[in-house]
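Chain by chain, the residues:
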Amino acid sequence: MTAHARKAKLLMELRAGGVGDRRVLAAIEKTPREKFVAPPFRDKAYDNVALPIGFHQTISQPQVVGLMTQALELTDRMKVLEVGTGSGYQTAVLSRLARRVYTIERHAELLREAEKRLAALRITNVTAKTGDGSLGWPEQAPFQRILVTAAAADIPPLLVGQLAVGGIMIVPIGADDPMQHLVRVRRTEQGSETEDLGPVKFVPLVGEPAAR
Ligand code: SAM
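The structure reproduced in this document is the subject of the present report. (Residues numbered from 1 in each chain as written. Predicted model: local features only at pLDDT ≥ 70, side-chain atom pairs only at ≥ 80, totals over all residues. Heavy atoms only, no water.)

### Some thoughts on the pattern of salt bridges
Okay, step 1: Taken as a whole and assessed by the stated rule, the structure comprises six salt bridges.
Okay, step 2: Where E13 meets K9, a salt bridge forms, and the shortest distance between an N and an O atom there is 3.1 Å. Of the two residues, E13 and K9 both sit in helix 1 (residues 3-16), four residues apart, roughly one turn of that helix.
Okay, step 3: Note on K9: relative accessible area 44%, which makes it partly exposed.
Okay, step 4: With its nearest N and O atoms 2.6 Å apart, the salt bridge here joins R112 to E109. Placement of the pair is R112 and E109 together in helix 5 (residues 108-120), with a separation of three residues, close to one helical turn.
Okay, step 5: What you see here is one network of salt bridges that share partners, running through E73, R184, R186 and E195. (Salt bridge = Lys/Arg side-chain N within 4 Å of Asp/Glu carboxyl O. Helix = DSSP H or I, 4+ residues; strand = E, 2+ residues; numbered from the N terminus. Buried < 20%, exposed > 50% of the residue type's maximum accessible area, 1.4 Å probe, protein only.)

Here you go:
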């Protein structure tokens, strides 16, 4: 099967799995996942699976990227914070749907590689830094949307504090728990409301326990 046919098959699988938002599907279609994985995994780039990217981390499963991106309800006027850049694949998808993406990765080497890939794709609306994303990016807050791509033990309060009123955060919860859940947090005038979007499996968010 050609790469084009494999991508078309993947997009059909995403649709069948609940990713119905055409803008999200178009952003995924435009983003060459094969450029975000190491050569030994390139033939699996359009399989609907997570793949290793080094440092015991993974590029997320396309299904999960699709569902999380869809759950963010993005528009092209929004400023987004992503915690956990990883390969930069999800960052690239977000960059096609938002005004600007701020992304934080704790592994400097992963971030360097991700930045190279984004530059090679001429993606210019991403600002990236190395650090503990559970602390957020206070200098750039508030964000209309926050996406956490690693599982936190609990909803990170510092990140809720950096969400604009009316804003949405998507975060996997249950770091040490085999049953993690994807949670949507909506910031309100009074505080926040949460909604369970279903079971997921993520690598843990590593950071300052006091910050969570
Ligand atoms: N969405 C990414 C992609 O498409 O390649 C995959 C993200 S991977 C599942 C989770 C990432 O979160 C890892 O790269 C890990 O190093 C990073 N991470 C974990 N804890 C972090 C923290 N406290 N701050 C920043 N990055 C963190």
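After presenting the structure, the write-up continues.
### Focus on the sheet that holds strand 8 (residues 180-187)
Sheet strands associate in pairs through backbone hydrogen bonding, adopting either a parallel or an antiparallel arrangement.
Okay, step 1: Here we have seven strands laid out as an open sheet, ordered 5-4-3-6-7-8-9, and mixed in their pairing. Sheet topology places strand 5 (126-130) and strand 9 (192-200) at the edges, where each strand pairs with a single neighbour. For this sheet, the mean angle separating the axes of adjacent strands, direction not counted, is 15°.
Okay, step 2: Pairing of strand 8 with strand 9, which is carried by eight bridges, proceeds in the antiparallel orientation. Looking at the pairing, R187 lines up with S192 of strand 9.
Okay, step 3: Docked against the sheet, helix 3 (residues 62-71) engages strand 6 (143-148), strand 7 (163-173), strand 8 and strand 9, running at close to 160° with respect to strand 7.
Okay, step 4: Helix 5 rests against strand 4 (100-105) and strand 5 of the sheet, and its axis sits at about 165° to strand 5. (Pairing = 2+ DSSP bridges. Axes fitted to C-alpha atoms, helices over the stretch in contact; angles between N-to-C directions. Contact = heavy atoms within 4.5 Å.)

Keep in mind these numbers describe shape, not what the thing actually does.
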